[in-house]
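Listed below, chain by chain, are the residues.
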Amino acid sequence: MACIHCLLTVKVEWEGVPEHSEGYRFHLDGIGEEVAMHATDRDLVIDNKTHPNAKYSDAGMAEDVPLRRFALQAQLCTLRYTDDNMPSFQLMHGETPVLKQPLSIGEVFSRWDRHPDRDPVQDYELRIVINRNGGITLYPSLAVDVADWQDGGILK
């Protein structure tokens, strides 16, 4: 058997100054909760290696994330994603959601043409920028790229 986990590194930034200086938490809902350590009919075979599929449910995980330099960043480790089973993400401050609605990782991956069923190693990045109007802008990488260029020569 090969890789049974998925690493999702999430970075949240604000266009302005965040409303709070502490008390933030990342939530993932709809993650795998158990995996068989022997071959099953749910397993995926990628590059001649067997990758076990997890049993999925509404299970969730949460991680407290400190605010540093007006940004939040954490690496969330779960069981593997599949094309049909990916979690939703929500940023919380205490018990209050910061995002207007949970972010469907599956919908985001579909837009970016990412297919976990094809990835032997699931190591993903997601950068979320909370706009001044409360909307969000998503990026598939934490690194600065050409999409971050603004007229006048400023890199965000």
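Note that this is a predicted model, so its numbers are computed, not measured. (Residues numbered from 1 in each chain as written. Predicted model: local features only at pLDDT ≥ 70, side-chain atom pairs only at ≥ 80, totals over all residues. Heavy atoms only, no water.)

With respect to the pairing of strand β9 (residues 88–93)
Phase 1: In this structure, strand β2 (residues 24–29) lies alongside β9, joined through six bridges in antiparallel fashion. When the sheet's bridge partners are listed, Arg25 is paired in β9 with Met92.
Phase 2: Sheet topology places β9 next to strand β11 (residues 103–104); two bridges connect them, and they run antiparallel. Counted as the bridge partner of Phe89 is Leu103 from β11.
Phase 3: Sheet analysis places β9 next to strand β10 (residues 96–97), joined by two bridges and oriented antiparallel. Of the residues in β10, the one forming a bridge with Met92 is Pro97. (Pairing = 2+ DSSP bridges. Helix = DSSP H or I, 4+ residues; strand = E, 2+ residues; numbered from the N terminus.)

Side note on the sheet that holds strand β13 (residues 136–139)
Phase 1: Taking strand neighbours across the sheet as the criterion, the four strands line up as β8-β1-β12-β13 in an open arrangement whose pairing is mixed. The open sheet has two free edges, formed respectively by β8 (71–79) and β13, since each of these has just one partner strand. Going across the sheet, the axis of each strand differs from the next one's by a mean of 20 degrees, ignoring polarity. (Axes fitted to C-alpha atoms, helices over the stretch in contact; angles between N-to-C directions.)

Observations regarding the packing of aromatic side chains
Phase 1: Here the structure, examined in full by the defined rule, presents five aromatic pairs.
Phase 2: With centroids separated by 6.3 Å and ring planes inclined at 15 degrees, the aromatic side chains of Tyr81 and Tyr124 adopt a geometry described as stacked. With Tyr81 in the loop between β8 and β9 and Tyr124 in strand β12 (residues 122–130), this residue pair connects regions lying 43 residues apart in the sequence. Taken individually, Tyr81 and Tyr124 each receive the classification buried, so the pair is uniform in this respect. (Phe/Tyr/Trp six-rings, centres within 6.5 Å; stacked < 30°, edge-to-face > 60°. Buried < 20%, exposed > 50% of the residue type's maximum accessible area, 1.4 Å probe, protein only.)

Notes on the environment of Asn85
Phase 1: Note on placement: Asn85 falls in the loop between β8 and β9.
Phase 2: For the pair Asn85 and Ile31, spaced 54 residues apart in sequence, the C-alpha to C-alpha distance is 7.7 Å.

As for the pairing of strand β1 (residues 5–14)
Phase 1: In terms of burial, β1 is a largely internal element, nine of the 10 residues being buried.
Phase 2: Pairing geometry for β1 and β8, over nine bridges, is antiparallel. Its bridge partner being in β8, Leu7 is matched across the sheet by Cys77.
Phase 3: Here β1 pairs with β12 via nine bridges, running parallel. When the sheet's bridge partners are listed, Leu8 is paired in β12 with Tyr124.

Structural notes on the state of the cysteines
Phase 1: Under the criterion given, the structure shown has zero disulfides.
Phase 2: Distance from the sulfur of Cys6, which forms no disulfide, to the nearest cysteine sulfur (Cys77) is 7.9 Å.
Phase 3: For Cys77, a relative accessible area of 46% puts it in the partly exposed group. (Disulfide = S-S within 2.5 Å.)

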